[in-house]
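# Examining the three-dimensional arrangement
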Amino acid sequence: MFNQVKTKLSLLFTFSILCLLILFILLLYFNISHFINEKDRDEIQTFYNNEKMDFIEDLYDKDDHGMEFDPNRTVFYYVFNQDDRFIHGEETTQSLFGWIRENPLFTGESFTKKAEWKQKHFLVVKHPLVTEGYKHGFVILGKEITAEKHLIQNITWLLFALTILFSILFAFMGYYLAGQAMKPIKMAFSKQEKFVSDASHELRTPLSIFYSSIDVLIREEKENLSVYGQEVLQDLKIEASLMYDLINNLLMLARSDKNQLIMEKDYINLSKLVSSTYKRFIRKKQDHIRFEQQIESEVYLNCDENRIQQLLYILLDNAFRYTNQGRVTVSLKSENDKILLTVEDTGCGISQTDIPYIFDRFYRADLSREKGGSGLGLSIAKTIVEAHGGGISVSSIEGEGSIFTISFKK
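So, here's what we can say about the structure. (Residues numbered from 1 in each chain as written. Predicted model: local features only at pLDDT ≥ 70, side-chain atom pairs only at ≥ 80, totals over all residues. Heavy atoms only, no water.)

### Re the overall build of the protein chain
A tally of regular secondary structure across the protein chain gives seven helices and 13 strands. A fraction of 64% describes how many contacts in the protein chain between residues 6 or more apart in sequence connect residues 24 or more apart. (Helix = DSSP H or I, 4+ residues; strand = E, 2+ residues; numbered from the N terminus. Contact = heavy atoms within 4.5 Å.)

Spelled out as C-alpha coordinates, the structure:
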(Lines give C-alpha, C1' and ligand atoms only; values in the text may rest on other atoms or scores of the structure.)
Protein backbone atom coordinates (compact mmCIF):
# COMPACT_ATOMS: atom_id res chain seq x y z
CA MET A 1 0.00 0.00 0.00
CA PHE A 2 2.71 2.48 0.99
CA ASN A 3 4.79 1.67 -2.10
CA GLN A 4 1.78 2.40 -4.31
CA VAL A 5 1.16 5.73 -2.57
CA LYS A 6 4.86 6.61 -2.81
CA THR A 7 4.88 5.77 -6.53
CA LYS A 8 1.74 7.83 -7.17
CA LEU A 9 3.19 10.82 -5.30
CA SER A 10 6.44 10.54 -7.27
CA LEU A 11 4.59 10.34 -10.59
CA LEU A 12 2.38 13.30 -9.66
CA PHE A 13 5.43 15.36 -8.64
CA THR A 14 7.34 14.43 -11.82
CA PHE A 15 4.34 15.07 -14.07
CA SER A 16 3.79 18.49 -12.50
CA ILE A 17 7.44 19.46 -12.94
CA LEU A 18 7.41 18.13 -16.51
CA CYS A 19 4.35 20.21 -17.39
CA LEU A 20 5.96 23.34 -15.92
CA LEU A 21 9.19 22.71 -17.83
CA ILE A 22 7.35 22.13 -21.13
CA LEU A 23 5.33 25.30 -20.56
CA PHE A 24 8.57 27.18 -19.85
CA ILE A 25 10.16 25.81 -23.06
CA LEU A 26 7.16 26.80 -25.17
CA LEU A 27 7.09 30.31 -23.73
CA LEU A 28 10.84 30.63 -24.21
CA TYR A 29 10.61 29.30 -27.78
CA PHE A 30 7.86 31.72 -28.82
CA ASN A 31 9.56 34.66 -27.12
CA ILE A 32 12.97 33.97 -28.71
CA SER A 33 11.34 33.32 -32.07
CA HIS A 34 9.33 36.50 -31.87
CA PHE A 35 12.36 38.54 -30.79
CA ILE A 36 14.56 37.23 -33.65
CA ASN A 37 11.78 37.66 -36.23
CA GLU A 38 11.14 41.21 -35.12
CA LYS A 39 14.86 41.93 -35.27
CA ASP A 40 15.05 40.61 -38.86
CA ARG A 41 11.96 42.57 -39.93
CA ASP A 42 13.33 45.75 -38.36
CA GLU A 43 16.64 45.26 -40.17
CA ILE A 44 14.89 44.86 -43.53
CA GLN A 45 12.58 47.80 -42.82
CA THR A 46 15.52 50.01 -41.86
CA PHE A 47 17.33 49.03 -45.06
CA TYR A 48 14.22 49.85 -47.09
CA ASN A 49 13.76 53.24 -45.43
CA ASN A 50 17.40 54.14 -46.05
CA GLU A 51 17.51 52.93 -49.66
CA LYS A 52 14.01 53.82 -50.86
CA MET A 53 15.00 56.93 -52.80
CA ASP A 54 17.95 55.08 -54.38
CA PHE A 55 15.55 52.37 -55.56
CA ILE A 56 13.35 54.99 -57.22
CA GLU A 57 16.38 56.61 -58.86
CA ASP A 58 17.38 53.18 -60.24
CA LEU A 59 14.00 53.02 -61.99
CA TYR A 60 14.74 56.14 -64.01
CA ASP A 61 18.47 55.57 -64.49
CA LYS A 62 19.22 54.95 -68.15
CA ASP A 63 22.17 52.74 -67.29
CA ASP A 64 21.15 49.09 -67.01
CA HIS A 65 22.60 47.87 -63.74
CA GLY A 66 21.00 44.41 -64.02
CA MET A 67 21.69 41.82 -61.36
CA GLU A 68 24.66 41.92 -59.03
CA PHE A 69 25.87 39.18 -56.71
CA ASP A 70 27.47 39.88 -53.34
CA PRO A 71 27.57 36.98 -50.84
CA ASN A 72 28.83 39.32 -48.13
CA ARG A 73 25.64 41.37 -48.10
CA THR A 74 23.06 40.87 -45.38
CA VAL A 75 19.96 42.09 -47.25
CA PHE A 76 19.17 41.29 -50.89
CA TYR A 77 16.73 43.30 -53.03
CA TYR A 78 15.09 43.33 -56.48
CA VAL A 79 13.65 46.54 -57.96
CA PHE A 80 10.76 46.41 -60.45
CA ASN A 81 9.01 49.21 -62.36
CA GLN A 82 5.25 49.69 -62.43
CA ASP A 83 5.03 47.36 -65.44
CA ASP A 84 6.43 44.53 -63.31
CA ARG A 85 9.72 44.56 -65.25
CA PHE A 86 12.91 43.82 -63.35
CA ILE A 87 15.29 46.81 -63.30
CA HIS A 88 18.04 46.23 -60.79
CA GLY A 89 18.93 44.01 -57.87
CA GLU A 90 21.60 42.61 -55.61
CA GLU A 91 21.34 39.08 -54.30
CA THR A 92 23.26 37.13 -51.70
CA THR A 93 22.37 33.65 -53.00
CA GLN A 94 22.79 32.79 -56.66
CA SER A 95 19.63 31.88 -58.65
CA LEU A 96 17.44 33.06 -55.77
CA PHE A 97 15.83 35.70 -58.00
CA GLY A 98 14.51 33.13 -60.49
CA TRP A 99 12.96 31.05 -57.68
CA ILE A 100 11.23 34.08 -56.16
CA ARG A 101 9.87 35.25 -59.54
CA GLU A 102 8.41 31.82 -60.35
CA ASN A 103 7.05 31.02 -56.90
CA PRO A 104 3.30 31.81 -56.58
CA LEU A 105 3.85 32.30 -52.86
CA PHE A 106 5.34 35.74 -53.56
CA THR A 107 2.30 37.49 -55.03
CA GLY A 108 0.30 40.43 -53.81
CA GLU A 109 0.61 44.17 -53.45
CA SER A 110 2.77 43.83 -50.33
CA PHE A 111 3.68 40.95 -48.03
CA THR A 112 6.06 39.59 -45.41
CA LYS A 113 6.68 35.87 -45.80
CA LYS A 114 9.03 33.11 -44.76
CA ALA A 115 10.15 30.45 -47.20
CA GLU A 116 12.61 27.57 -47.54
CA TRP A 117 14.70 26.91 -50.65
CA LYS A 118 17.57 24.45 -51.04
CA GLN A 119 17.66 23.84 -47.27
CA LYS A 120 18.01 27.55 -46.66
CA HIS A 121 15.47 29.78 -44.94
CA PHE A 122 14.56 33.30 -46.08
CA LEU A 123 12.47 36.19 -44.87
CA VAL A 124 11.04 38.01 -47.91
CA VAL A 125 9.25 41.38 -47.87
CA LYS A 126 7.55 43.30 -50.71
CA HIS A 127 7.09 47.09 -50.56
CA PRO A 128 5.59 49.44 -53.15
CA LEU A 129 7.76 52.40 -54.16
CA VAL A 130 5.41 55.37 -53.70
CA THR A 131 6.10 59.11 -53.43
CA GLU A 132 3.39 61.78 -53.06
CA GLY A 133 0.70 59.25 -53.96
CA TYR A 134 2.39 58.16 -57.21
CA LYS A 135 3.49 54.52 -57.51
CA HIS A 136 6.82 54.16 -59.32
CA GLY A 137 7.14 50.40 -58.94
CA PHE A 138 7.96 48.00 -56.13
CA VAL A 139 10.89 46.31 -54.46
CA ILE A 140 11.31 42.82 -53.04
CA LEU A 141 13.75 42.64 -50.14
CA GLY A 142 14.84 39.89 -47.84
CA LYS A 143 17.57 38.16 -45.93
CA GLU A 144 18.68 34.64 -45.21
CA ILE A 145 17.61 33.54 -41.75
CA THR A 146 18.97 29.97 -41.80
CA ALA A 147 21.41 30.61 -38.97
CA GLU A 148 18.68 32.10 -36.76
CA LYS A 149 16.32 29.23 -37.58
CA HIS A 150 18.93 26.62 -36.70
CA LEU A 151 19.83 28.51 -33.53
CA ILE A 152 16.20 28.41 -32.36
CA GLN A 153 15.91 24.71 -33.23
CA ASN A 154 19.15 23.85 -31.46
CA ILE A 155 18.10 25.77 -28.36
CA THR A 156 14.71 24.04 -28.39
CA TRP A 157 16.16 20.53 -28.72
CA LEU A 158 18.70 21.29 -26.04
CA LEU A 159 15.96 22.45 -23.70
CA PHE A 160 13.88 19.34 -24.42
CA ALA A 161 16.89 17.11 -23.74
CA LEU A 162 17.52 18.94 -20.47
CA THR A 163 13.82 18.60 -19.62
CA ILE A 164 13.94 14.82 -20.04
CA LEU A 165 17.16 14.61 -18.03
CA PHE A 166 15.85 16.75 -15.19
CA SER A 167 12.48 14.95 -15.23
CA ILE A 168 14.29 11.67 -14.60
CA LEU A 169 16.30 13.29 -11.82
CA PHE A 170 13.13 14.83 -10.34
CA ALA A 171 11.43 11.41 -10.52
CA PHE A 172 14.17 9.80 -8.45
CA MET A 173 14.29 12.76 -6.10
CA GLY A 174 10.48 12.76 -5.76
CA TYR A 175 10.47 9.03 -5.01
CA TYR A 176 13.13 9.50 -2.34
CA LEU A 177 11.41 12.53 -0.76
CA ALA A 178 8.02 10.77 -0.82
CA GLY A 179 9.61 7.84 0.99
CA GLN A 180 11.13 10.14 3.60
CA ALA A 181 7.83 12.00 4.07
CA MET A 182 5.93 8.74 4.52
CA LYS A 183 8.26 7.24 7.12
CA PRO A 184 6.44 8.76 10.14
CA ILE A 185 3.07 7.87 8.57
CA LYS A 186 4.22 4.32 7.97
CA MET A 187 5.53 4.07 11.51
CA ALA A 188 2.25 5.34 12.97
CA PHE A 189 0.27 2.97 10.75
CA SER A 190 2.45 0.02 11.79
CA LYS A 191 1.91 0.87 15.47
CA GLN A 192 -1.82 1.05 14.89
CA GLU A 193 -1.78 -2.30 13.04
CA LYS A 194 0.21 -3.89 15.87
CA PHE A 195 -2.13 -2.46 18.49
CA VAL A 196 -5.25 -3.72 16.71
CA SER A 197 -3.71 -7.13 16.11
CA ASP A 198 -2.37 -7.52 19.66
CA ALA A 199 -5.52 -6.16 21.26
CA SER A 200 -7.68 -8.51 19.19
CA HIS A 201 -5.54 -11.51 20.18
CA GLU A 202 -5.53 -10.56 23.87
CA LEU A 203 -9.27 -9.89 24.04
CA ARG A 204 -10.39 -13.09 22.33
CA THR A 205 -9.50 -15.38 25.26
CA PRO A 206 -11.20 -13.41 28.08
CA LEU A 207 -14.22 -12.82 25.87
CA SER A 208 -14.47 -16.54 25.11
CA ILE A 209 -14.34 -17.28 28.84
CA PHE A 210 -16.87 -14.54 29.55
CA TYR A 211 -19.23 -15.87 26.87
CA SER A 212 -18.88 -19.47 28.07
CA SER A 213 -19.47 -18.43 31.69
CA ILE A 214 -22.69 -16.67 30.76
CA ASP A 215 -23.79 -19.70 28.78
CA VAL A 216 -23.13 -21.95 31.80
CA LEU A 217 -25.06 -19.62 34.11
CA ILE A 218 -28.04 -19.61 31.76
CA ARG A 219 -28.08 -23.42 31.59
CA GLU A 220 -27.16 -24.34 35.17
CA GLU A 221 -28.79 -21.55 37.16
CA LYS A 222 -31.87 -20.98 35.05
CA GLU A 223 -34.27 -22.17 37.75
CA ASN A 224 -32.61 -20.03 40.45
CA LEU A 225 -32.70 -16.82 38.39
CA SER A 226 -35.60 -14.43 38.16
CA VAL A 227 -37.08 -13.55 34.78
CA TYR A 228 -35.29 -10.21 34.89
CA GLY A 229 -31.97 -11.95 35.69
CA GLN A 230 -32.42 -14.32 32.75
CA GLU A 231 -33.09 -11.37 30.42
CA VAL A 232 -29.96 -9.61 31.65
CA LEU A 233 -27.84 -12.70 31.04
CA GLN A 234 -29.32 -13.14 27.54
CA ASP A 235 -28.49 -9.52 26.75
CA LEU A 236 -24.95 -10.03 28.05
CA LYS A 237 -24.59 -13.16 25.93
CA ILE A 238 -25.74 -11.31 22.79
CA GLU A 239 -23.41 -8.37 23.45
CA ALA A 240 -20.49 -10.71 24.17
CA SER A 241 -21.18 -12.53 20.91
CA LEU A 242 -21.27 -9.22 19.00
CA MET A 243 -18.03 -8.10 20.60
CA TYR A 244 -16.39 -11.44 19.79
CA ASP A 245 -17.42 -11.04 16.14
CA LEU A 246 -16.10 -7.47 16.12
CA ILE A 247 -12.73 -8.61 17.47
CA ASN A 248 -12.50 -11.38 14.88
CA ASN A 249 -13.31 -8.87 12.13
CA LEU A 250 -10.67 -6.44 13.37
CA LEU A 251 -8.13 -9.24 13.53
CA MET A 252 -8.97 -10.26 9.96
CA LEU A 253 -8.55 -6.68 8.69
CA ALA A 254 -5.27 -6.30 10.61
CA ARG A 255 -3.95 -9.47 8.98
CA SER A 256 -5.10 -8.22 5.60
CA ASP A 257 -3.25 -4.92 6.11
CA LYS A 258 -0.07 -6.86 6.88
CA ASN A 259 -0.62 -9.22 3.91
CA GLN A 260 -0.98 -12.10 6.35
CA LEU A 261 -4.56 -13.06 5.54
CA ILE A 262 -4.56 -16.80 4.86
CA MET A 263 -6.74 -18.05 2.01
CA GLU A 264 -7.42 -21.77 1.66
CA LYS A 265 -8.37 -21.80 -2.00
CA ASP A 266 -9.84 -24.62 -3.98
CA TYR A 267 -12.01 -24.99 -7.08
CA ILE A 268 -15.58 -25.05 -5.80
CA ASN A 269 -19.01 -25.07 -7.40
CA LEU A 270 -19.91 -21.45 -6.76
CA SER A 271 -23.45 -22.03 -8.05
CA LYS A 272 -24.13 -24.57 -5.28
CA LEU A 273 -22.61 -22.29 -2.62
CA VAL A 274 -24.79 -19.34 -3.65
CA SER A 275 -27.88 -21.59 -3.89
CA SER A 276 -27.36 -23.03 -0.39
CA THR A 277 -26.86 -19.53 1.02
CA TYR A 278 -30.04 -18.43 -0.75
CA LYS A 279 -32.00 -21.31 0.84
CA ARG A 280 -30.75 -20.44 4.34
CA PHE A 281 -31.73 -16.78 3.94
CA ILE A 282 -35.14 -17.52 2.43
CA ARG A 283 -36.15 -19.42 5.57
CA LYS A 284 -35.61 -16.39 7.82
CA LYS A 285 -36.70 -13.54 5.54
CA GLN A 286 -39.65 -11.34 6.45
CA ASP A 287 -42.97 -12.02 4.73
CA HIS A 288 -43.16 -8.52 3.21
CA ILE A 289 -39.89 -8.98 1.28
CA ARG A 290 -39.58 -11.14 -1.84
CA PHE A 291 -36.27 -12.98 -2.11
CA GLU A 292 -35.40 -13.99 -5.66
CA GLN A 293 -32.44 -15.76 -7.27
CA GLN A 294 -30.97 -15.90 -10.78
CA ILE A 295 -28.15 -18.42 -10.40
CA GLU A 296 -26.44 -19.87 -13.44
CA SER A 297 -25.56 -23.53 -12.95
CA GLU A 298 -22.09 -25.06 -12.98
CA VAL A 299 -20.09 -21.90 -12.31
CA TYR A 300 -16.74 -22.80 -10.73
CA LEU A 301 -14.25 -20.52 -8.97
CA ASN A 302 -10.85 -21.00 -7.34
CA CYS A 303 -11.54 -19.43 -3.95
CA ASP A 304 -11.74 -19.79 -0.18
CA GLU A 305 -15.24 -21.21 0.33
CA ASN A 306 -15.65 -19.89 3.88
CA ARG A 307 -14.61 -16.36 2.90
CA ILE A 308 -16.94 -16.28 -0.11
CA GLN A 309 -19.77 -17.47 2.10
CA GLN A 310 -18.90 -14.70 4.58
CA LEU A 311 -19.00 -12.23 1.69
CA LEU A 312 -22.49 -13.42 0.68
CA TYR A 313 -23.73 -13.20 4.26
CA ILE A 314 -22.50 -9.61 4.58
CA LEU A 315 -24.13 -8.41 1.36
CA LEU A 316 -27.43 -10.27 1.88
CA ASP A 317 -27.63 -9.21 5.53
CA ASN A 318 -27.18 -5.56 4.48
CA ALA A 319 -29.76 -5.92 1.71
CA PHE A 320 -32.44 -7.30 4.09
CA ARG A 321 -31.52 -4.91 6.88
CA TYR A 322 -32.15 -1.81 4.76
CA THR A 323 -35.14 -3.11 2.79
CA ASN A 324 -38.44 -2.57 4.57
CA GLN A 325 -40.49 -3.90 1.69
CA GLY A 326 -39.99 -4.90 -1.92
CA ARG A 327 -37.43 -7.30 -3.29
CA VAL A 328 -33.91 -8.67 -2.76
CA THR A 329 -32.25 -10.54 -5.65
CA VAL A 330 -29.03 -12.53 -5.72
CA SER A 331 -27.59 -13.29 -9.16
CA LEU A 332 -24.66 -15.33 -10.45
CA LYS A 333 -23.53 -15.63 -14.05
CA SER A 334 -20.47 -16.35 -16.15
CA GLU A 335 -19.68 -13.69 -18.73
CA ASN A 336 -16.70 -13.99 -21.10
CA ASP A 337 -13.64 -14.29 -18.85
CA LYS A 338 -15.41 -13.07 -15.70
CA ILE A 339 -17.78 -14.37 -13.04
CA LEU A 340 -20.33 -11.79 -11.89
CA LEU A 341 -22.04 -12.03 -8.50
CA THR A 342 -24.77 -9.44 -7.84
CA VAL A 343 -26.91 -8.58 -4.82
CA GLU A 344 -29.72 -6.15 -5.59
CA ASP A 345 -32.35 -4.66 -3.28
CA THR A 346 -35.19 -2.14 -3.46
CA GLY A 347 -34.40 -0.63 -0.07
CA CYS A 348 -33.57 2.87 1.10
CA GLY A 349 -30.53 3.20 -1.17
CA ILE A 350 -27.35 5.22 -0.64
CA SER A 351 -26.80 8.90 -1.42
CA GLN A 352 -24.23 9.77 -4.09
CA THR A 353 -22.14 11.68 -1.54
CA ASP A 354 -21.80 8.56 0.64
CA ILE A 355 -21.02 5.98 -2.08
CA PRO A 356 -17.24 6.74 -2.27
CA TYR A 357 -16.88 6.05 1.47
CA ILE A 358 -19.12 3.05 2.19
CA PHE A 359 -16.20 0.60 2.03
CA ASP A 360 -14.24 2.58 4.64
CA ARG A 361 -13.98 1.03 8.07
CA PHE A 362 -16.61 2.11 10.62
CA TYR A 363 -18.20 4.46 8.07
CA ARG A 364 -21.96 4.80 8.35
CA ALA A 365 -23.81 6.41 5.46
CA ASP A 366 -26.69 7.66 7.58
CA LEU A 367 -26.70 7.37 11.35
CA SER A 368 -30.45 7.97 11.43
CA ARG A 369 -30.95 4.69 9.55
CA GLU A 370 -28.51 2.69 11.67
CA LYS A 371 -29.80 -0.82 12.32
CA GLY A 372 -27.00 -2.48 14.26
CA GLY A 373 -23.71 -3.76 12.96
CA SER A 374 -20.16 -2.59 13.56
CA GLY A 375 -19.62 -0.66 10.33
CA LEU A 376 -17.00 -3.17 9.20
CA GLY A 377 -19.13 -5.40 6.98
CA LEU A 378 -18.55 -3.75 3.60
CA SER A 379 -14.89 -3.15 4.43
CA ILE A 380 -14.47 -6.88 5.11
CA ALA A 381 -16.42 -7.69 1.92
CA LYS A 382 -14.03 -5.54 -0.11
CA THR A 383 -11.03 -7.18 1.59
CA ILE A 384 -12.33 -10.66 0.71
CA VAL A 385 -13.01 -9.70 -2.91
CA GLU A 386 -9.59 -8.11 -3.39
CA ALA A 387 -7.88 -11.08 -1.74
CA HIS A 388 -9.40 -13.18 -4.55
CA GLY A 389 -8.17 -10.74 -7.22
CA GLY A 390 -11.67 -9.43 -7.90
CA GLY A 391 -13.41 -6.09 -7.80
CA ILE A 392 -16.53 -4.79 -6.05
CA SER A 393 -18.67 -1.83 -7.09
CA VAL A 394 -21.99 -0.32 -6.11
CA SER A 395 -24.65 1.67 -7.91
CA SER A 396 -27.50 3.14 -5.93
CA ILE A 397 -30.37 5.62 -6.08
CA GLU A 398 -31.50 7.01 -2.77
CA GLY A 399 -34.99 5.80 -1.97
CA GLU A 400 -35.01 3.20 -4.75
CA GLY A 401 -32.35 0.63 -3.82
CA SER A 402 -28.78 -0.53 -4.38
CA ILE A 403 -26.89 -2.99 -6.56
CA PHE A 404 -23.61 -4.50 -5.37
CA THR A 405 -21.63 -6.16 -8.17
CA ILE A 406 -18.63 -8.43 -7.58
CA SER A 407 -16.49 -9.60 -10.49
CA PHE A 408 -13.95 -12.44 -10.33
CA LYS A 409 -11.57 -13.58 -13.03
CA LYS A 410 -12.10 -17.16 -14.13
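### With respect to the sheet that holds strand β11 (residues 338-345)
If you walk across this open sheet you meet the five strands as β8-β10-β11-β13-β12, and the pairing is mixed. For this open sheet the edge positions go to β8 (289-295) and β12 (391-397), each flanked by a neighbour on one side alone. For this sheet, the mean angle separating the axes of adjacent strands, direction not counted, is 10°. Summarising the sheet, strand β10 (residues 326-335) and β11 pair through eight bridges and their orientation is antiparallel. Counterpart to Thr-329 in the pairing with β11 is Glu-344. Lying on the sheet, helix α5 (residues 270-284) is in contact with β8, β10 and β11; it crosses β8 at an angle near 170°. (Pairing = 2+ DSSP bridges. Axes fitted to C-alpha atoms, helices over the stretch in contact; angles between N-to-C directions.)

### A few points about the packing of helix α6 (residues 305-321) against helix α7 (residues 377-387)
Two elements in contact, α6 and α7, have axes whose closest approach is 9 Å; the angle formed by their N-to-C orientations is 145°. Relative to α7, the crossing made by α6 is left-handed. Counted together, Arg-307, Gln-310, Leu-311, Ile-314, Leu-315 and Asn-318 of α6 and Gly-377, Leu-378, Ile-380, Ala-381, Ile-384 and Val-385 of α7 form the full contact between these two elements. Tallied by class, the residues present in the contact of α6 with α7 amount to eight nonpolar, three polar and one charged. (Left-handed = near helix turned anticlockwise from the far one by under 90°. Nonpolar A, V, L, I, M, F, W, Y, C, P; charged D, E, K, R; others polar.)

### Re the packing of aromatic side chains
Counting across every chain of the model gives 23 aromatic pairs. Ring geometry for Tyr-29 against Phe-30: centres 5.5 Å apart, planes inclined by 75°, an arrangement best described as edge-to-face. Judged by its relative accessible area of 31%, Tyr-29 is partly exposed. Note on Phe-106 and Phe-111: the rings are 5.9 Å apart at their centroids and 40° apart in plane angle, and the pair reads as tilted. Joined through ring pairs, the aromatic side chains of Phe-76, Tyr-78, Phe-80, Phe-86, Phe-97, Trp-99, Phe-106, Phe-111, Trp-117, Phe-122 and Phe-138 make up one cluster. Geometry around Phe-111 places Lys-113 over its ring, the cationic atom sitting 5.2 Å from the centre. A cation over an aromatic ring shows up here: Lys-126 above the ring of Phe-138, its NZ or CZ 4.3 Å from the ring centre. (Phe/Tyr/Trp six-rings, centres within 6.5 Å; stacked < 30°, edge-to-face > 60°. Buried < 20%, exposed > 50% of the residue type's maximum accessible area, 1.4 Å probe, protein only. Lys NZ or Arg CZ within 6 Å of the ring centre and 35° of its normal.)

### So, α5
For α5, spanning 15 residues, the distance from its first C-alpha to its last is 22 Å, which sits close to the expected 21 Å at 1.5 Å a residue. Of the surrounding secondary structure, the elements contacted by the buried residues of α5 are β7 (266-269), β8, β9 (300-303), α6, β10 and β11. A distance of 3.1 Å separates the backbone nitrogen of Ser-271 from a side-chain oxygen at the start of α5, and that oxygen is part of Asn-269. (Expected span 1.5 Å × (residues − 1). Polar contact = N/O pair within 3.5 Å; in protein donor to acceptor, adjacent residues only side chain to side chain.)

### Re the pairing of β10
Pairing of β8 with β10 involves seven bridges; the strand directions are parallel. Across the sheet, Arg-290 pairs through a bridge with Arg-327, a residue of β10. Between the antiparallel neighbours β10 and β11 lie two residues, among them Asn-336 with a positive phi of about 55°.

### Side note on the pattern of salt bridges
All chains considered together, the criterion is met by eleven salt bridges. With a shortest N-O distance of 3.6 Å, Arg-41 and Glu-38 are connected by a salt bridge. Remark: Glu-38 and Arg-41 occur in helix α1 (residues 2-60); sequence separation between them is three residues, near one turn of the helix. Residue Arg-41 is classed as partly exposed on the basis of its relative accessible area, which comes to 32%. Because the salt bridges share partners, they merge into one network encompassing Asp-40, Glu-43, Lys-143 and Glu-148. (Salt bridge = Lys/Arg side-chain N within 4 Å of Asp/Glu carboxyl O.)

### Overview of the sheet that holds strand β2 (residues 75-81)
Ordered in space as β1-β3-β2-β6-β5-β4, the six strands form an open sheet in which the pairing is mixed. Across the chains shown, the open sheet's two edge strands, defined by having one partner strand only, are β1 (66-69) and β4 (111-117). Going from strand to strand, the sheet's axes swing by 15° on average, the running direction of each strand aside. Note that strand β5 (residues 120-131) and strand β6 (residues 134-144) share ten bridges and pair antiparallel. By the bridge assignment, Lys-126 is partnered in β6 with Ile-140.

### What to know about the environment of Arg-41
Through-space distance from the C-alpha of Arg-41 to that of Val-124 is 9.2 Å; in sequence the pair is 83 residues apart. When near neighbours in sequence (up to four residues on either side) are disregarded, Arg-41 contacts Thr-112 and Leu-123.

### Observations concerning the side chain of Thr-323
Relative to the assigned elements, Thr-323 resides in the loop between α6 and β10. When its relative accessible area of 3% is taken as the criterion, Thr-323 is described as buried. Of the polar contacts made by the side chain of Thr-323, one reaches the backbone oxygen of Ala-319; its length is 2.5 Å. Excluding residues that lie within four positions of it along the chain, Thr-323 makes contacts with Ile-289, Val-328, Asp-345, Thr-346 and Gly-347.

### Regarding the environment of Val-130
Relative to the assigned elements, Val-130 resides in strand β5. In this structure Val-130 comes out as partly exposed when scored by relative accessible area, which is 30%. Taking the C-alpha atoms as reference points, Val-130 and Ile-56, separated by 74 residues in sequence, lie 8.7 Å from one another. Every residue in contact with Val-130, bar those within four places of it in the chain, is listed here: Lys-52, Lys-135 and His-136.

### Considering a nonpolar patch on the surface
Residues Ile-22, Leu-26, Tyr-29, Phe-30, Trp-157 and Phe-160 make up a contiguous nonpolar surface patch of about 610 Å² in total accessible area. At the level of elements, α1 and α3 (146-220) are the ones that each hand at least two residues to the nonpolar patch. Ranked by the residues each element gives to the nonpolar patch, the list is headed by α1, at four residues. Mapped onto the elements of the fold, Tyr-29 is located in helix α1. (Patch = residues over 30% accessible without salt bridge, like charges linked within 9 Å, V, L, I, M, F, W, Y side chains within 5 Å. Areas by Shrake-Rupley, 256 points an atom, 1.4 Å probe, with all protein chains shown as cover.)

Keep in mind that these numbers describe shape and distance, not what the molecule does.
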